[in-house]
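Architecture at a glance
Listed below are the residues making up each chain.
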Amino acid sequence: MNSLRIAMLACSVLMAKSVLADTLDGASIARQGNGHGVAPCMACHAADGGGQAAAGFPRLAGLPQAYLRKQLDDFARGARVNVTMQPVASGLSDAERDAVAAYYSKLPVPKPAPVAEPSRNDAQLARSLATRGRWSDGLPACEQCHGPGGVGVGDHFPPLAGQSAVYLVNQLHAWQQGARRNDPLQLMQTVANKLSDADIAAIGAWYAAQPATLTKESQP
Amino acid sequence: MMRWRWIWLAAPLALAACHPAEQQGVSPASHAPAATSSAPHATNGFEPPPESSIPADEFGKQIALGRQIFTDTGHYAKAYVGNALNCANCHLDAGRLAHSAPMWGAYPMYPAYRSKNHHVNTFAERLQGCFQYSMNGKAPPLGDDVLVALEAYAYWMSKGEPIGVAPAGHGYPKLPRPTQAPDYVRGETVFKRDCALCHGDNGQGQRVAERTVFPPLWGAQSFNWGAGMERLDNAAGFIKANMPLGRGNTLTDQDAWDVAYYMNAHERPQDPRFKGSIAETRKAYHDTPDSLYGIAVNGKVLGQGVAVP
C-alpha cells in the first residue's frame, strides 16, 4: 500500500512538472527559470519586466511579442551576440521561447526610474537626430521607423522611449561592430554606421528620458 | 499629364509636389545595381538653409507652419486631406532632400506651363494639385492659409537659387528604361523582400497613435489615380533613389521598375477627373506606357477606384 502511494505521489509530481512545461507558463519561467538550467529572467530584467537601466538590462515589458521571440532565436543562433543571453536562449525550447515572449509582451510598462536629463546641447543633438535625422549623410530620423516619440511600431521596430540608456548605447555600438546583425534589411547596421560616439551617447540619454507612451503633443 | 509625385515609402512627405511635367533627368548615380550601401544622396548641388535659420518674426511663423503642414498634413491641413499621407512621405526630409522632389527644386520653376492641365500654373496652383491627387483631398482655395504657409516654406528653402533653372537633384531621378518590361510577379518578389516589412503585406502602411509612420501605398488611404506617383517612371525613380528608407540606391534599376509596377498595379481612389468611363479617362489623362490606368493586369482592368470611407 505504502509503496503504491509513494509511487502514485511520485507520478503526480512528475505529471505536474510536465504539465507545467506543457502549459508554457511564461510567468513561471520569468520568475523561476525553466527547471532545466535557464535562470529566471527577472534576475536581470526585474520582477516587473522593467529591466535594470544602469546595468544595461533592457525593459522587456510591453515589447512586441514577435520582436521578443525573434531576439531569443537570434541570441541562440548567434546573429545577436551576447554572452549572457546566448545560453539562456539556447536553453529554452521553442515553446518556452513563445511563452516568455508572450508573457513579457503583455506586461504593463512599468514607470521607469528617473534618469538624468541629457545636457542641453546633447538634448538638442538627440532631438534633431530623433525627429529630423541627418539627411546630408542619408540618415533618416529615428522616429521615421520607431514612431512618433520613439514608442515603437509594429512587430519589427521596438520602442526606444523609456528604454535603458546604457542598453541603447550598447546596441548602437553592437550594430556598428557587427556583434548584432539581426536587423531586417540591414536597416540598423546602415543607420548605426552613420552615427558618431557623441551622437550615440546623446540619443541613448535622450530616449531614456522620454515617456514610454505617447503624450498628446509630441511634435513631428 | 500628371506628374505628381508620390509617396512612397518613407515617411513624411508632403504635398507639394512638385515638378511639373517633365522633369529632366538628372539622374543620379547609379544605373548599375549598386551592391550595398547607400549611394550618393548628395548632389554637390543646392543646399537648402538650415531649419534654425527660419526667422523669428511673422514671416517665420508662416514658414514654420508650412513645415508643420508638410510633415503632419492630416493635422495641419485637415480640411483638404482625404487620405493618410503626409507631404513628407514622398518629399523626404520635409521637402529638403535631393532626388526626392525637394521644394527647392520646384519653387524656382514656377510659373510653368503644364501639359497636365494645359495652362500656365502658378506654384500655388501646383500645390492645389497635390491636395487633389496625391492627398486625395480638395484643393485649398488660392490665398488659403495652407497654401500661403506652404509657399512661404518653399520660398524660404529656395533662397539664393536662380529662377527658372532646374537644379541638380530636383524631382525624382529618371531611370533608364528597364531591360525587361516591368513585371508584376517579379515586383511582388521585390515587395515582399524589401518593402512589406514597413508598408505591410497589403501595402496598407502602419500607423501609431493616429499618425502615419509608414505610408499606405495603395488602397483607400493612398494617393489617387490622378497623382504623379501613379506613373511608373516617377515611382521607379523615387524608389531607386530612396528606398528602403536610409538605403537608397541599393535596389537594381530593374527591381525599382518591377516594384513600381507592382505597387501601381493595385487599385486606389478614382481619378477625380473621371470622365464617365475608364477608357475615356485613360485617353484623356493616362495615355502613356507609364500609366497602368485602364490596363488589364492579372485579368482585371485597373482604374476601377476604391471606395473612400
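It should be noted that the structure appears before, not after, this text.
First, a word on scope: everything that follows refers to the structure included in this document. (Residues numbered from 1 in each chain as written. Chains lettered and ligands numbered in written order. Predicted model: local features only at pLDDT ≥ 70, side-chain atom pairs only at ≥ 80, totals over all residues. Heavy atoms only, no water.)

**Some words on the overall build of chain B**
Under the convention used in this document: Note on conventions: DSSP H or I runs of at least 4 residues are helices, E runs of at least 2 residues are strands, and numbering of each starts at the N terminus. Burial classification: accessible surface area is computed with a 1.4 Å probe over protein chains only, and a residue below 20% of its type maximum counts as buried, one above 50% as exposed, and the rest as partly exposed. Contact criterion: two residues are considered in contact whenever any of their non-hydrogen atoms come within 4.5 Å of each other. Note on areas: these come from Shrake-Rupley sampling with a 1.4 Å probe, and a residue is covered only by the protein chains present in the view.
In terms of helices and strands, chain B carries eleven helices and six strands. Burial status across chain B gives 62% buried among its 309 residues. In chain B, 76% of the contacts between residues at least 6 apart in sequence involve partners at least 24 apart. Accessible surface, chain B: about 11,500 Å² in total, of which carbon and sulfur atoms supply 55%.

**Points about the interface of chain B and chain A**
For interface size, the figure often reported is the accessible area lost on association. Counted only if it meets this: Put simply, buried area is how much 1.4 Å-probe accessible surface two parts lose in total, over both of them, once they are put together. Definition used for salt bridges: Asp or Glu carboxyl oxygen within 4 Å of a side-chain nitrogen of Lys or Arg. Throughout this description, a polar contact denotes any pair of N or O atoms lying within 3.5 Å of each other; where both atoms belong to protein, one of them has to be capable of donating a hydrogen while the other can accept it, and for residues adjacent in sequence the pair is counted only when both atoms sit in side chains.
Chain B puts 27 residues into the contact, and the matching count from chain A is 25 residues. Across the chain B/chain A interface, buried area totals approximately 2,300 Å², and carbon plus sulfur atoms make up 64% of it. If you sort the residues of chain B by the area they bury against chain A, L197, R211 and R247 of chain B come out on top, with a joint share of 26%. Linking chain B with chain A are one salt bridge, by the criterion used here. Close ionic contact of E51 of chain B with R132 of chain A constitutes a salt bridge, the shortest N to O distance being 2.5 Å. Taken together, the links from chain B to chain A amount to three residue pairs in polar contact (both at pLDDT 80 or more). Those elements that place two or more of their residues in the side of chain B that touches chain A are α1 (58-71), α3 (92-95), α7 (184-194), α8 (196-199), β3 (206-208) and β4 (211-214) of chain B.

**Focus: helix α5 (residues 123-134) of chain B**
All names here are of chain B. Note the cut-off: Given a helix with a known number of residues, its expected span is that number minus one, times 1.5 Å.
The end-to-end C-alpha distance of α5, which contains twelve residues, comes to 16 Å, matching closely the 16 Å that a straight helix rising 1.5 Å per residue would cover. For α5, a buried count of ten out of twelve residues is recorded, marking the element as mostly surrounded by other parts of the structure. Within α5, burial applies to F123, A124, R126, L127, Q128, G129, C130, F131, Y133 and S134. Where α5 is buried, its residues touch α2 (73-76), α4 (103-106), β1 (112-114), β2 (119-121) and α6 (145-157). Remark: N136 follows α5 within two positions and exhibits a positive phi of approximately 45°.

**A closer look at the packing of helix α9 (residues 165-177) of chain A against helix α11 (residues 197-208) of chain A**
Residue and element names in this part refer to chain A. Selection criterion: Comment: axis = line fitted to C-alpha atoms, over the contacting stretch for helices; angle = value between 0 and 180 degrees taken between N-to-C directions. If you view the pair so one helix is near and one far, a crossing is left-handed when the near helix is turned anticlockwise from the far one by less than a right angle, and right-handed when it is turned clockwise. By the convention adopted, Pro, Cys, Tyr, Trp, Phe, Met, Ile, Leu, Val and Ala count as nonpolar, Lys, Arg, Asp and Glu as charged, and the other residues, Gly among them, as polar.
Between α9 and α11, whose axes approach to 8 Å, the crossing angle comes to 145°. By crossing handedness, the relation of α9 to α11 is classed as right-handed. Facing A165, L168, V169, L172, H173 and Q176 of α9, the residues of α11 in contact are D197, I200, A201, G204, A205, Y207 and A208. Its residues assigned to classes, the contact of α9 with α11 shows nine nonpolar, three polar and one charged.

**A few points about the packing of helix α4 (residues 65-77) of chain A against helix α6 (residues 94-106) of chain A**
All names here are of chain A. Cut-off, in case you're wondering: Any angle between 65 and 115 degrees counts as roughly perpendicular, while under 35 counts as roughly parallel, over 145 as roughly antiparallel, and the rest as oblique.
The geometry of α4 relative to α6 is characterised by a closest axis approach of 8 Å and an angle of 140° between their N-to-C directions. In terms of orientation, α4 lies oblique with respect to α6. Both α4 and α6 take part in a crossing whose hand is right-handed. On the side of α4, the interface is formed by Q65, L68, R69, L72, D73 and A76, while α6 contributes D94, R97, D98, A101, A102, Y104, S105 and K106. Looking at the contact of α4 with α6 residue by residue, the classes come out as six nonpolar, two polar and six charged.

**So, the environment of E96 of chain A**
All names here are of chain A. Among the secondary structure elements, E96 is positioned in helix α6. Taking the C-alpha atoms as reference, E96 lies 28 Å from Q186; in sequence the two are 90 residues apart. Once you skip the residues sitting within four places of it in the chain, E96 turns out to touch L24, I29, N34, H36 and G91. A distance of 2.8 Å separates the side chain of E96 from the backbone nitrogen of S93, its partner in a polar contact.

**Regarding the nonpolar core**
Our working rule: For the purposes of this section, nonpolar cores are sets of buried Ala, Val, Leu, Ile, Met, Phe, Trp, Tyr and Cys residues that join through side-chain atoms within 4.5 Å.
Formed by 71 residues in total, the largest nonpolar core has its most connected members in F70, F123, F131, F191, M229 and I239 of chain B. Here this core gets nine residues from one element, more than from any other, and that element is α6 of chain B. Counting residues in hydrophobic clusters, the runner-up holds 39 residues, among them V100, L139, L160 and I200 of chain A.

**Quick word on helix α7 (residues 120-131) of chain A**
Residues and elements named next belong to chain A. With twelve residues, α7 ought to run about 16 Å at 1.5 Å a step, and its terminal C-alpha atoms sit 16 Å apart, in line with that. Among the residues of α7, those classed as buried are A126, L129, A130 and T131. For α7, the elements touching its buried residues are α8 (143-146) and α11.

**Re the packing of aromatic side chains**
Where two aromatic rings form a pair, the distance of their centres and the angle of their planes describe that pair. All names here are of chain B. Heads up, the condition is: Stacked, edge-to-face and tilted are the three classes for Phe, Tyr and Trp ring pairs, Trp counted by its six-membered ring, which pair at centre distances within 6.5 Å; planes under 30 degrees apart are stacked, over 60 edge-to-face, the rest tilted. Charge-over-ring contacts are defined here by two conditions on Lys NZ or Arg CZ: a distance within 6 Å of the ring centre and an angle within 35 degrees of the ring normal.
Scanning the model with the defined rule gives 17 aromatic pairs over all chains in all. Here Y110 and F123 contribute two aromatic rings whose centre-to-centre distance is 5.8 Å and whose plane-to-plane angle is 65°, an arrangement assigned as edge-to-face. Of the two residues, Y110 is situated in the loop between α4 and β1 and F123 in helix α5; the sequence distance between them amounts to 13 residues. If you follow R268 out to its NZ or CZ, it ends over the ring of W225, 5.9 Å from the centre.

**Things to note about the environment of L92 of chain A**
Residues and elements named next belong to chain A. Position of L92 among the secondary structure elements: in the loop between α5 (85-91) and α6. Residue classification places L92 among the buried residues on the basis of a relative accessible area of 5%. Separated by 58 residues in the primary sequence, L92 and N34 have C-alpha atoms spaced 7.4 Å apart. Discounting residues that sit within four places of it in the chain, L92 has contacts with I29, N34, V38, L72 and R97.

**Comments concerning unusual backbone geometry**
Residues and elements named next belong to chain B. Geometrically, the link from Y110 to P111 is a cis peptide bond, its omega value of 0° lying close to zero. Relative to the helices and strands, P111 resides in the loop between α4 and β1. The step from M243 to P244 runs through a cis peptide bond, and the omega angle for that step is -15°. Counting through the fold element by element, P244 comes out in the loop between α9 (232-242) and α10 (253-264). With a phi angle near 65°, H99 is a residue other than glycine that sits in the positive phi range. Relative to the assigned elements, H99 resides in the loop between α3 and α4. One non-glycine residue, N249, lies in positive phi territory at about 60°. Checked against the element boundaries, N249 lands in the loop between α9 and α10. Residue classification places N249 among the buried residues on the basis of a relative accessible area of 2%.

**Describing the pattern of salt bridges**
Within this structure, the stated rule accounts for 21 salt bridges over all chains. Residues D253 of chain B and K240 of chain B are paired through a salt bridge, measuring 2.9 Å at the closest nitrogen-oxygen approach. Taken together, the residues span a long stretch of sequence, with D253 of chain B in helix α10 and K240 of chain B in helix α9 at a distance of 13 residues. Residues D253 of chain B and K240 of chain B agree in their burial class; the two are buried. Connected through salt bridges with shared partners, the residues R69, D73, D94, R97 and D98 of chain A form a single ionic network.

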